[in-house]
Amino acid sequence: MSLGLPSRLPGAPSVGALIRGETPTFSFEFFPPKTAEGERLLWQTIRELESLRPSFVSITYGAGGSTRDTTVAVTERVATETTLLPMAHLTAVNHSVADLRNVIGRLAGAGIRNVLALRGDPPGDPMGAWVRHPDGVLYAEELVRLIREAGDFSVGVAAFPYKHPRSAGVEDDTRNFVRKCRAGAEYAITQMFFDADDYLRLRDRVAATGCDTPIVAGVMPVTRMGTIERATQLSGAPFPPALLRRFERVAGDERAVRELGIETCSAMCARLLDEGVPGIHFITLNRSTATREVWQLLAPAEVAAAA
Ligand code: FAD
């Protein structure tokens with residue numbers, strides 16, 4: 001199958017190649033805004049984080065394909081109006097193969113060659129029944145193939161340190177993850193996690209199968225007690241009990257919660273870097289301050305000072 005796209009999308013570096021490079025990548029994740037105020041905040045954040053010179057930034061795809069146009073538009077604007085390298089998320093929910101090819105073609109037309117291929121969750125209830133579009137794909141693995149066949153895209157996939165909530169066990173989860181890599185994914189980014197050992201166990205499980213796909217760590221600092229509940233809902237993984245007790249001890253003091261969130265996220269990232277993680281991907285929720293604080297604690301002093 002060919003979309004008639006150029007076999008090489010000119011210009012843009014490949015995120016897969018960057019992640020396989022000598023030094024760990026640092027990247028930021030944004031979501032497409034729904035309101036004018038949200039749009040203003042996003043662009044302010046992008047401008048503030050641009051000076052940190054991340055390796056790339058990613059733009060999520062709204063549940064159920066709800067942000068098809070804004071994801072493409074924001075990704076294109078990042079490519080044309082900033083110095084940043086954008087990557088678009090793409091999900092299969094509610095899309096036929098023809099719809100997916102259409103979005104892939106639009107991304108290619110905008111010069112975007114980096115795509116994160118995801119199955120997506122049902123809109124409304126992430127754990128609700130997953131209904132395949134009658135003319136769509138069933139698993140991310142098929143979407144990886146579709147994108148790779150469409151042109152010279154660098155494709156990444158999702159990984160789940162604690163296993164995907166729908167997976168029967170870690171063995172199934174690992175086997176299915178490796179299938180996505182063999183289908184053509186060049187790298188993976190994890191769901192957010194709060195215990196470095198969960199990441200390291202995932203990395204070991206995957207390596208034990210002989211799969212050498214680099215797995216970037218997805219992280220999000222806790223900035224409010226509400227983040228803990230939200231993170232648990234989003235990731236389907238329990239929040240580490242010992243860490244939860246530390247947050248509960250300071251729960252009445254918003255500032256102390258935030259400081260502990262920045263400190264523990266930085267400490268986890270530092271350990272991951274010591275362990276040779278190929279990259280760290282910050283889920284920013286379209287705000288720059290917490291990400292910048294963690295980054296400054298991690299970055300070499302001269303780099304942080306220049307930012
Ligand atoms: P898959 O890899 O298809 O896996 C889904 C389930 O099916 C797993 O349990 C897996 O083990 C199982 N499975 C896979 N292949 C097979 C097979 N061949 N046979 C049997 N079982 C199989 N969601 C959004 O809506 N928009 C986003 O922008 C977005 N960005 C994300 C970014 C990251 C870094 C991560 C980690 C997640 C993101 N998500 C996003 C959430 C993601 O779409 C959901 O977690 C979704 O439920 C799983 O997607 P997947 O691509 O891992 O699915």
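Residues numbered from 1 in each chain as written. Predicted model: local features only at pLDDT ≥ 70, side-chain atom pairs only at ≥ 80, totals over all residues. Heavy atoms only, no water.

Caption draft 1: Quick peek at the nonpolar core. Leu90, Ile147, Phe177 and Phe282 are the most contacted members of the largest nonpolar core, which has 66 residues in total. Non-local contacts of Phe282, meaning those with residues more than four positions away in its chain, are made with Phe26, Ser27, Phe28, Glu29, Val219, Thr291, Val294, Trp295 and Leu298. (Core = buried A, V, L, I, M, F, W, Y, C linked by side-chain atoms within 4.5 Å. Buried < 20%, exposed > 50% of the residue type's maximum accessible area, 1.4 Å probe, protein only. Contact = heavy atoms within 4.5 Å.)

Caption draft 2: Region of interest: the site of the ligand. Residues in close proximity to the ligand total 23 residues, the closest being Tyr61, Asp121, Ala140, His164 and Ser167. Note that an oxygen atom of the ligand is positioned 2.9 Å from one of the backbone N or O atoms of Arg119. Residue Tyr139 places a side-chain N or O atom 3.4 Å away from a nitrogen atom belonging to the ligand. The protein chains hide 87% of the 980 Å² of surface that the ligand would expose on its own. Of all the secondary structure elements, the ones that give two or more residues to the shell around the ligand are strand S3 (86-91), strand S4 (114-118), helix H5 (140-150), helix H6 (170-182) and strand S6 (187-190). (Near = heavy atom within 4 Å. Polar contact = N/O pair within 3.5 Å; in protein donor to acceptor, adjacent residues only side chain to side chain. Areas by Shrake-Rupley, 256 points an atom, 1.4 Å probe, with all protein chains shown as cover. Helix = DSSP H or I, 4+ residues; strand = E, 2+ residues; numbered from the N terminus.)

Caption draft 3: Molecular detail of the sheet that holds S6. An order of S1-S2-S3-S4-S5-S6-S7-S8 is seen for the eight strands of this closed barrel, with the pairing classed as parallel. The sheet shows a mean angle of 30° between the axes of neighbouring strands, direction not considered. Docked against the sheet, helix H4 (residues 97-109) engages S3 and S4, running at close to 175° with respect to S3. (Pairing = 2+ DSSP bridges. Axes fitted to C-alpha atoms, helices over the stretch in contact; angles between N-to-C directions.)

Caption draft 4: Main features of the pattern of salt bridges. Counted according to the given criterion, the structure contains 18 salt bridges. Here Arg77 ties to Glu81 by a salt bridge, and the two come within 2.9 Å at their closest N and O atoms. With Arg77 and Glu81 both in helix H3 (residues 68-81), this residue pair falls four residues apart, about one helical turn. Arg77 gets classed as partly exposed once you look at its relative accessible area, which sits at 29%. By relative accessible area, which is 43% here, Glu81 ends up partly exposed. Where Glu142 meets Arg132, a salt bridge forms, and the shortest distance between an N and an O atom there is 3.8 Å. Of this pair, Glu142 sits in helix H5 while Arg132 sits in the loop between S4 and H5, and the two are 10 residues apart along the sequence. In this structure Arg132 comes out as partly exposed when scored by relative accessible area, which is 37%. (Salt bridge = Lys/Arg side-chain N within 4 Å of Asp/Glu carboxyl O.)

Caption draft 5: Structural context of the environment of Asp125. Note that Asp125 resides in the loop between S4 and H5. C-alpha separation for the pair Asp125 and Ile262, spaced 137 residues apart in sequence, amounts to 30 Å.

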